[in-house]
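This is what each chain is made of:
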There are 2 protein chains.
Amino acid sequence: MIDIKEESTEERILIAAEMVFMRDGYNGSRMQDIADKAGINKAMLHYYFRSKDKLFEHIFDLKSKLFSPKIEGLLAENQSFIELIQNFIEKYFELLIANPFLPLFIINTVNNPNRPDFLEKLPYQLNRKFAEKYLEDLANRKVKQINPLQFIISVMGMCIFPFMAKPMIKKAFEMDEVQFEKIMEARVEELKNYVEMILKP
Amino acid sequence: MIDIKEESTEERILIAAEMVFMRDGYNGSRMQDIADKAGINKAMLHYYFRSKDKLFEHIFDLKSKLFSPKIEGLLAENQSFIELIQNFIEKYFELLIANPFLPLFIINTVNNPNRPDFLEKLPYQLNRKFAEKYLEDLANRKVKQINPLQFIISVMGMCIFPFMAKPMIKKAFEMDEVQFEKIMEARVEELKNYVEMILKP
DNA sequence: AAAAGTATTAACCAAATGGTTAAACCAATT
DNA sequence: AATTGGTTTAACCATTTGGTTAATACTTTT
């Protein structure tokens, strides 16, 4: 348990709210729970953030930016599509290992029919840039012909799915937490190999 | 909207509960909402199923069996590991297209820390049988050497992920519902190709 | 037809929950 | 020291929500 006593009240609320919302989702979260975790009175939550909705929106805004990561850094170096994807997998796994609840949080929020506007907040540039780079390399015969849309969805799925299905995976393969983490670390290289096997002409 | 007026009260409750629980999750669902959809009094829900918990458990029991599908049928025919996986993808997509909310429902339930027992209810034989078959084919040099555990997780992820990320995918690639469904249908062949490219020696 | 069992309803209840208010507290300013 | 502005608290409020109850309607048995 992190000690959040040192921070300012507003920071403590944000840290507590992030913990609770990420773990329990909007509907499963209780303002009292957040207040307790922040070590403050429930009224303070409304003093700093007017309502549960507004507080949630604040957390979502912070977290949603992480989900489709900025790939400017990846694109900067003049690399092939295969290298680009492999690089993406590496960076994305770092993020997911640091934020294992992020996928479920984002996907649940975005699937909530009561909050269609939240869908707009996610950054979507990434997919187009991937597709562009793919077509460029295809013209130069540096990659096999596949459907880039399907391919990108596949890569995302292979990265994200295990973090959402973690309890099932642990159970199915009789793993403890440490073993699971080891598997996730090893997964990066495995996926990079798959990418090569699928794309290399 | 399906007309459920013809069915018995108990059946109508189950149909309504399935709709609501699958869409809104346990915490997001309201007993009143289920009662309204079933066209009955709220007290009837408690008359037939003692509590919200029990009703939810009933629905989960029915749906959880679908998630890790029986592969006896697939294993019966004496086929290679590659064919087995390809066959699995085909059958699994049929299921997912018919039950697009199933993955999110199961994964959310199983990630709920308040209900650790629900994790036990899922069928897990499938993974072991896949691994066995893989090792058999590996010995006969019919498949490349990969990590079967990582591979199975990858296949599951590639199948399941797009159904959970559907709102984001539609938004990112500016698709409507019909286009999305077409992409999902086409996805089967694409994934079967990936499997060959990864596994064929 | 009477009795007995089953299904259904309206009204009600208690707890939980998001949110408000008015007073108290505290730090800086004058 | 008094004023002022922001911060914090305890108590309170209204609504929602899962669940109950007692009476009523409907079916089946005798």
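The preceding data block contains the structure.
Residues numbered from 1 in each chain as written. Chains lettered and ligands numbered in written order. Predicted model: local features only at pLDDT ≥ 70, side-chain atom pairs only at ≥ 80, totals over all residues.

Observations concerning the overall build of chain A
Definition in use: Note on conventions: DSSP H or I runs of at least 4 residues are helices, E runs of at least 2 residues are strands, and numbering of each starts at the N terminus. Counts of 20 or more other C-beta atoms within 10 Å of a residue's own C-beta define buried residues, counts of 12 or fewer define exposed ones, and intermediate counts define partly exposed ones; C-beta atoms are placed from the backbone. We call two residues in contact when the distance between their C-beta atoms, placed using the backbone, is within 7 Å.
Looking only at helices and strands, chain A has 11 helices and 0 strands in total. Starting at the N terminus, the α and β elements of chain A follow one another as α-α-α-α-α-α-α-α-α-α-α. In terms of overall dimensions, chain A has a C-alpha envelope of 65 × 40 × 35 Å along the principal axes. Residue burial in chain A is summarised as follows: out of 201 residues, 37% are buried. Counting contacts in chain A only where the partners sit at least 6 residues apart, residues at least 24 apart contribute 65% of the total.

Let's talk about the environment of isoleucine 160 of chain A
Counting through the fold element by element, isoleucine 160 of chain A comes out in helix α9 (residues 148-164). Between the alpha carbons of isoleucine 160 of chain A and proline 103 of chain A there is a distance of 6.7 Å; along the sequence they are 57 residues apart.

Digging into the protein's contact with DNA strand D
For clarity, the threshold we go by: Put plainly, near means the residue's C-beta atom, positioned from the backbone, lies within 6 Å of the molecule or strand in question. Each residue is assigned to one class: nonpolar for Ala, Val, Leu, Ile, Met, Phe, Trp, Tyr, Cys and Pro, charged for Asp, Glu, Lys and Arg, and polar for all the others, Gly among them.
By nearness alone, 15 residues border DNA strand D, and Asn41 and Ala43 of chain A together with Met31, Ser51 and Lys52 of chain B come closest of all. Elements with a minimum of two residues in the surface near DNA strand D: α3 (42-48) of chain A together with α2 (31-38), α3 (42-48) and α4 (52-67) of chain B. Its residues assigned to classes, the surface near DNA strand D comprises 6 nonpolar, 5 polar and 4 charged.

Section: the interface of chain B and chain A
Facing 36 residues of chain B, the contacting portion of chain A comprises 36 residues. Looking at the side of chain B that touches chain A, the elements that each hand over two or more residues are α1 (9-28), α7 (102-111), α9 (148-164), α10 (166-172) and α11 (177-199) of chain B. Top element by residues in the side of chain B that touches chain A is α9 of chain B. It accounts for 11 residues. Taken together, the residues that form the side of chain B that touches chain A break down as 23 nonpolar, 10 polar and 3 charged.

So, the relation of the copies chain B and chain A
Our working rule: Least squares is the method used to superpose the copies, on C-alpha atoms of residues holding a pLDDT of at least 70 in both.
With an RMSD of 0.0 Å, chain B superimposes on chain A once it is rotated by 180 degrees and translated 0.0 Å along the axis. What the rotation and shift describe, once combined, is the action of a two-fold rotation axis. No C-alpha of chain B approaches the rotation axis more nearly than that of glycine 157 of chain B, which lies at 2.4 Å. A share of 100% of interface residues in chain B that are also interface residues in chain A marks the association as one of identical surfaces.

A closer look at the packing of helix α6 (residues 81-98) of chain B against α9 of chain B
Residue and element names in this part refer to chain B. Condition: Angles here are taken between N-to-C directions and fall from 0 to 180 degrees, while the axes themselves are lines fitted to C-alpha atoms, restricted in helices to the stretch in contact. Should an angle fall under 35 degrees it is taken as roughly parallel, and over 145 as roughly antiparallel, whereas 65 to 115 is taken as roughly perpendicular and any remaining angle as oblique. Each crossing is labelled by how the near helix is turned from the far one, with a counterclockwise turn of less than a right angle marking it left-handed and a clockwise turn marking it right-handed.
Packing of α6 against α9 leaves a shortest axis separation of 11 Å and a crossing angle of 20 degrees. When the axis of α6 is compared with that of α9, the two are roughly parallel. α9 is crossed by α6, and the crossing has right-handed handedness. Where α6 approaches α9, its residues Ile85, Ile89, Tyr92, Phe93 and Leu96 are matched on the opposing element by Val155, Cys159 and Phe163. When the residues that make up the contact of α6 with α9 are grouped by side-chain class, the tally is 8 nonpolar, no polar and no charged.

Overview of the protein's contact with DNA strand C
For DNA strand C, the set of nearby residues contains 15 residues, the closest of which are Ser51 and Lys52 of chain A together with Thr9, Asn41 and Ala43 of chain B. Of all the elements in the fold, those that place two or more residues in the surface near DNA strand C are α2 (31-38), α3 and α4 (52-67) of chain A together with α3 of chain B. For the surface near DNA strand C, the per-class residue count stands at 6 nonpolar, 5 polar and 4 charged.

Digging into helix α1 (residues 9-28) of chain A
Selection rule: Between the first and last residue of a helix there are one fewer steps than residues, each counted as 1.5 Å, and that sum is the expected span. Bend is computed residue by residue as the angle between axes fitted to the seven residues ending at the residue and the seven residues starting at it.
Between its terminal C-alpha atoms α1 of chain A stretches only 23 Å, short of the 28 Å expected from 20 residues at 1.5 Å a residue. Taking the largest bend as the criterion, α1 of chain A deviates by roughly 75 degrees, centred on methionine 22 of chain A. For α1 of chain A, the elements touching its buried residues are α2, α3, α4 and α7 (102-111) of chain A together with α1 of chain B.

A closer look at unusual backbone geometry
Phi is mostly negative for residues that are not glycine, and the peptide bonds are mostly trans. The phi torsion at glutamate 174 of chain A lies on the positive side, around 50 degrees, for a residue other than glycine. Along the polypeptide, glutamate 174 of chain A turns up in the loop between α10 (166-172) and α11 (177-199).

Some points on the nonpolar core
Here is the rule we go by: One nonpolar core equals one set of buried Ala, Val, Leu, Ile, Met, Phe, Trp, Tyr and Cys residues connected by C-beta atoms within 7 Å.
Ala17, Val155 and Phe161 of chain A together with Ala17, Val155 and Phe161 of chain B are the most contacted members of the largest nonpolar core, which totals 111 residues. Excluding residues within four positions of it along the chain, phenylalanine 161 of chain A makes contact with Ile153, Met156, Gly157, Ile160 and Phe161 of chain B.

Here we look at α4 of chain A
Residues and elements named next belong to chain A. The end-to-end C-alpha distance of α4, which contains 16 residues, comes to 22 Å, matching closely the 22 Å that a straight helix rising 1.5 Å per residue would cover. Within α4, the axis deviates most sharply at aspartate 61, by approximately 25 degrees. For α4, the full list of buried residues reads Leu55, Phe56, Ile59, Phe60, Ser64 and Phe67. Buried residues in α4 make contact with α1, α3 and α7.

Here we look at the environment of isoleucine 183 of chain B
On the secondary structure map, isoleucine 183 of chain B appears in helix α11. Accessibility expressed as a C-beta count within 10 Å gives 19 for isoleucine 183 of chain B, which makes it partly exposed.

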